[in-house]
Amino acid sequence: MLKIKHMIFLVFIFVAMGCTNEPKEEISEEYQYSSITIVKPKDGEIISGTEVKVKVEVSNFTLDYINGPKILSEGYIHYTLDSRFSFDTDKKQNTFVRVSAGQHFLGVELVHNDGSSLSPRRIDFVNFITESNLSVIEDQWPSLLGE
């Protein structure tokens, strides 16, 4: 019984230390410091109208919208508006059109070509408000236009 406990303990230690036979993903120094930041809109900004211009800064990451195999430090941006509408693009400047009046949440994430998240994830988010006298019909969902 004592042998079994020792074996289980050793297995636990090897797994905890990452001493498995699985190949590890090599990470270049440049890839470790990739980042994404929302420049526009600013957090808490009040925007007049139904169009929201979005600008992000990306560093140490090549934007290339290709649905293919995962390539380190290469991929595209996944935009999420109000946790309901998702858009993928390799553009750093975009415009959301037909955004209804009210409070909104914008999230961005750098993802690999195959759509998988970087590890650790590279994300940023802001909250903003749109004010407009124009009404947006409920079934007219926002669209993202690359610039």
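Now for a look at the structure at hand. (Residues numbered from 1 in each chain as written. Predicted model: local features only at pLDDT ≥ 70, side-chain atom pairs only at ≥ 80, totals over all residues. Heavy atoms only, no water.)

Once that is clear, we can look at the nonpolar core. One recurring pattern in soluble globular proteins is that nonpolar side chains are buried together. Core analysis: the biggest nonpolar cluster contains 21 residues, and Val-56, Ile-77, Tyr-79, Phe-96 and Leu-106 have the highest contact counts within it. Within the residue set of this core, elements represented by two or more residues are strand E1 (35–40), strand E3 (52–59), strand E5 (74–81), strand E6 (85–89), strand E8 (102–112) and strand E9 (117–131). The leading source of residues in this core is E3, at four residues. Not counting residues up to four positions away in its chain, the partners in contact with Leu-106 are Ile-38, Pro-41, Val-54, Tyr-79, Thr-80, Phe-96, Asp-124, Phe-125, Val-126 and Phe-128. (Core = buried A, V, L, I, M, F, W, Y, C linked by side-chain atoms within 4.5 Å. Buried < 20%, exposed > 50% of the residue type's maximum accessible area, 1.4 Å probe, protein only. Helix = DSSP H or I, 4+ residues; strand = E, 2+ residues; numbered from the N terminus. Contact = heavy atoms within 4.5 Å.)

Let us now look at the packing of aromatic side chains. Centre distance and the angle of the planes are the two values used to describe a pair of aromatic rings. For the structure shown, the criterion picks out two aromatic pairs. Here Phe-87 and Phe-96 contribute two aromatic rings whose centre-to-centre distance is 5.4 Å and whose plane-to-plane angle is 65°, an arrangement assigned as edge-to-face. The class for Phe-96 is buried, based on a relative accessible area of 1%. (Phe/Tyr/Trp six-rings, centres within 6.5 Å; stacked < 30°, edge-to-face > 60°.)

Note: strand E2 (residues 46–48) against E9, three bridges, orientation parallel. Directly across from Ile-47, in E9, lies its bridge partner Thr-130. Note that E8 and E9 share 10 bridges and pair antiparallel. Its bridge partner being in E9, Gly-107 is matched across the sheet by Phe-125. The loop that links E8 with its antiparallel partner E9 comprises four residues; one of these, Gly-115, has a positive phi angle of about 90°. (Pairing = 2+ DSSP bridges.)

This next bit is on the environment of Glu-51. By the secondary structure assignment, Glu-51 is in the loop between E2 and E3. As a C-alpha pair, Glu-51 and Val-97 span 46 residues in sequence and 4.5 Å in three-dimensional space. Those residues in contact with Glu-51 that lie beyond four places of it in its chain are Thr-95, Phe-96 and Val-97.

The next point concerns unusual backbone geometry. Between Lys-40 and Pro-41 the backbone carries a cis peptide bond, its omega angle lying at 0°. By secondary structure assignment, the location of Pro-41 is in the loop between E1 and E2. Residue Ser-119 is joined to Pro-120 through a cis peptide bond whose omega torsion reads 0°. Note that Pro-120 resides in strand E9. Its identity as a non-glycine residue notwithstanding, Ser-83 has a phi of 55°, on the positive side. Classification of Ser-83 by relative accessible area gives exposed; the value is 60%.

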